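Here is how the chains run, residue by residue.
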Amino acid sequence: MTLFRATVVDTPSNPFTGGRLRSDDDCGLLVQLGVITARGPFETLRRVHPDEPVLDLREGMLLPGMVDTHVHFPQVRIIGGLGLPLLDWLDQCALPEEMRLADVDHARGVARDFVAGLVDAGTTTALVFGAHYAGAVDAMFDAADQSGLRVTTGLVTSDRLLPEPLLTTPDRARAESRELADRWHGKGRLRYAVTPRFSLSASDDLLEACAQTLAEVPGSVFTSHVNENLHEIREVARLFGGSAYVDTYDRHGLLTPRAVLAHDVHPSDPELRTLAARGAAVAHCPTSNAALGSGLFPLRRHVDAGVRVSLGSDVGAGTGFCLFKEGLQAYFVQQLLGEAGLPLTSAHLLWLSTAAGADALGLGEEVGVLSVGRQFDAIWVLPEPGDPLAVGLANASSTDEALSKVFALGTTSDIAGVWVGGEQIAAGHWRRPGRP
Ligand SMILES: [Zn+2]
């Protein structure tokens with residue numbers, strides 16, 4: 001057992017429906033076998049548990065671990081390929097790199113780099129877009145397992161319009177997916193995600209095979225892309241006889257409360273109604289949308305339609321793993337939309353980067369907030385003394401304001417500790433608690 005002592009900030013209720021930031025100064029969290037078993041004023045908990053070791057983290061802010069609901073493991077080494085729209089970026093940046101993952105040794109190295117990037121950013125749970133090669137996905141699961149992170153991932157499948165080495169067949173996709181799921185789904189903190197790349201590169205037969213895999217692997221998640229780029233949307237409509245993009249998945253029964261679709265920058269109102277009716281979630285990826293010039297995400301229309309929205313870094317079109325940056329960019333986008341935008345507070349940004357993601361992934365009862373009964377997945381934000389964020393936090397007049405500064409100024413180097421299920425995990429260069 002460990003008694004954590006910190007300023008604890010989280011979002012137990014949804015700020016889009018009236019929820020507010022919860023902030024407790026000098027809060028105690030008793031963690032037993034990875035689970036938070038008591039929460040309250042530190043002195044009160046200390047009296048009840050006088051002999052437990054205390055980890056004093058008061059010099060900073062303790063937040064729930066970040067939850068990234070859309071991030072591509074094969075693309076960690078190509079972050080920063082700026083200047084291209086989606087389909088050109090795929091052809092020139094992403095797909096050549098993804099083909100290199102046919103080599104399992106190469107894939108192992110990429111998986112290590114990728115996991116280090118997640119841990120460094122304080123991302124404790126992620127829905128990871130996998131690779132087109134079973135061996136590479138196996139390497140990803142293995143790296144995730146060793147890291148202790150909560151990772152949901154799977155084989156990416158396509159059967160048309162991509163370079164030939166990235167293509168499969170519906171039968172092979174189903175067989176390889178089952179094999180990977182049998183090996184990894186439910187092992188430790190890992191789960192399987194059925195992952196057609198996007199319906200642009202997936203025939204109806206392949207999407208039907210995906211539906212079968214989803215049914216054969218109970219508790220698996222469905223993920224793909226939707227409505228990212230206007231040119232892409234026109235091509236999908238052409239390939240599917242004029243169909244709306246969302247419907248290309250829905251007609252195979254792929255949209256359920258366990259589905260997460262990335263982007264949805266250009267949805268129609270009927271598509272939003274379908275997503276809401278199915279309970280499917282949308283992963284908003286704001287730096288990626290800006291980098292590829294995809295468009296400004298209509299958050300208000302999603303919220304008004306009742307569609308669940310979470311946050312994704314979309315590495316490598318996104319410009320890094322840090323969800324503080326994604327939160328800030330989400331805020332910028334809503335500002336730029338003017339009257340159509342939804343002004344975001346720091347509570348919204350924290351919700352989108354933590355509890356909303358947990359909810360989207362079906363893990364809302366386990367992680368996303370620091371309440372009794374939840375897993376202790378947490379990050380400790382502690383900037384270096386004299387850093388503008390440290391100055392900002394020292395001079396903030398409220399927790400709302402302090403948290404806004406974390407999103408405005410925070411980077412991965414301000415994350416001084418990361419815990420998953422009560423275990424402190426390490427990669428990269430973050431500092432350990434207890435430094436002088
Ligand atoms: Zn993506």
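Residues numbered from 1 in each chain as written. Predicted model: local features only at pLDDT ≥ 70, side-chain atom pairs only at ≥ 80, totals over all residues.

Focus on the domain arrangement of the protein chain
What the domain assignment reports for the protein chain is domain 1 (2-64 + 368-424) and domain 2 (66-360). Taking only C-alpha atoms into account, the centre of domain 1 sits 29 Å from that of domain 2. Tallying the contact residues gives 26 residues for domain 1 and 29 residues for domain 2. Looking at the side of domain 1 that touches domain 2, the elements that each hand over two or more residues are β5 (61-64), α16 (399-409) and β16 (415-420). Ranked by residues supplied to the side of domain 1 that touches domain 2, first place goes to α16 with 6 residues. Residues belonging to the side of domain 1 that touches domain 2 are distributed by class as follows: 14 nonpolar, 7 polar and 5 charged. (Domains from an automatic or database assignment. Contact = placed C-beta atoms within 7 Å. Helix = DSSP H or I, 4+ residues; strand = E, 2+ residues; numbered from the N terminus. Nonpolar A, V, L, I, M, F, W, Y, C, P; charged D, E, K, R; others polar.)

A short note on the environment of R308
On the secondary structure map, R308 appears in strand β14 (residues 308-311). Taking the C-alpha atoms as reference points, R308 and E271, separated by 37 residues in sequence, lie 13 Å from one another. Leaving out residues up to four positions away in the same chain, R308 has contacts with A281, A356, D359 and A360.

Comments concerning the packing of helix α3 (residues 104-120) against helix α4 (residues 134-147)
When two helices pack together, you describe them by how their axes are tilted relative to each other and by the distance separating the axes. Look at α3 against α4: their axes get within 8 Å of each other, and the N-to-C directions meet at 40 degrees. The element α3 and its partner α4 pack so that their crossing is right-handed. In this structure, α3 uses V104, A107, R108, A111, R112, V115 and V119 to contact α4, whose residues at the interface are G135, A136, A139, M140, A143, A144 and S147. A breakdown of the residues in the contact of α3 with α4 according to their chemical character gives 10 nonpolar, 2 polar and 2 charged. (Axes fitted to C-alpha atoms, helices over the stretch in contact; angles between N-to-C directions. Left-handed = near helix turned anticlockwise from the far one by under 90°.)

A look at helix α13 (residues 346-353)
Along α13, 8 of the 8 residues are buried, which leaves the element largely enclosed by surrounding structure. Where α13 is buried, its residues contact β5, β6 (66-72), β14, α12 (323-336), α14 (355-360) and α16. (Buried ≥ 20, exposed ≤ 12 C-beta atoms within 10 Å, placed from the backbone.)

Here's the deal with the pairing of strand β13 (residues 281-284)
Along any regular strand, the residues point their side chains to alternate faces of the sheet. With burial as the criterion, each face of β13 is covered, one bearing A281 and A283 and the other bearing V282 and H284. Summarising the sheet, strand β12 (residues 259-263) and β13 pair through 3 bridges and their orientation is parallel. Paired with A262 across the two strands is A283, which belongs to β13. Crossover connection from β12 via helix α9 (residues 269-278) to parallel β13: handedness right-handed. Two elements, β13 and β14, share 4 bridges in a ladder whose sense is parallel. Bridging across to β14, H284 finds its partner in L311. (Pairing = 2+ DSSP bridges. Right-handed = clockwise from strand over helix to strand, strands pointing away.)

Notes on the pairing of β12
Along β12, 5 of the 5 residues are buried, which leaves the element largely enclosed by surrounding structure. Bridge analysis of strand β11 (residues 221-226) against β12 gives 5 bridges, and the strand direction is parallel. By the bridge assignment for β12, T223 is matched with V260.

So, α9
If you check which residues of α9 are buried, you get E271, L272, T274 and L275. Taken around the axis of α9, the buried residues stretch over an arc of 160 degrees, which confines them to a single face. Opposite the buried face of α9, at more than 90 degrees from it, the exposed residues are D269 and P270. Those residues of α9 hidden inside the fold are in contact with α8 (245-250), β13 and α11 (299-305). Immediately downstream of α9, the backbone of G279 shows phi near 75 degrees, a positive value. (Arc of directions from axis to C-beta.)

Looking at the packing of α13 against α16
Interaxial distance between α13 and α16 falls to 8 Å at its minimum, and their mutual angle equals 55 degrees. One way to sum up the angle between α13 and α16 is to call them oblique. When you trace α13 past α16, the crossing you get is left-handed. Touching S346, A347, L349 and L350 of α13 are D400, L403, S404 and F407, all from α16. Among the residues forming the contact of α13 with α16, the class breakdown is 5 nonpolar, 2 polar and 1 charged. (Parallel < 35°, antiparallel > 145°, perpendicular 65-115°, else oblique.)

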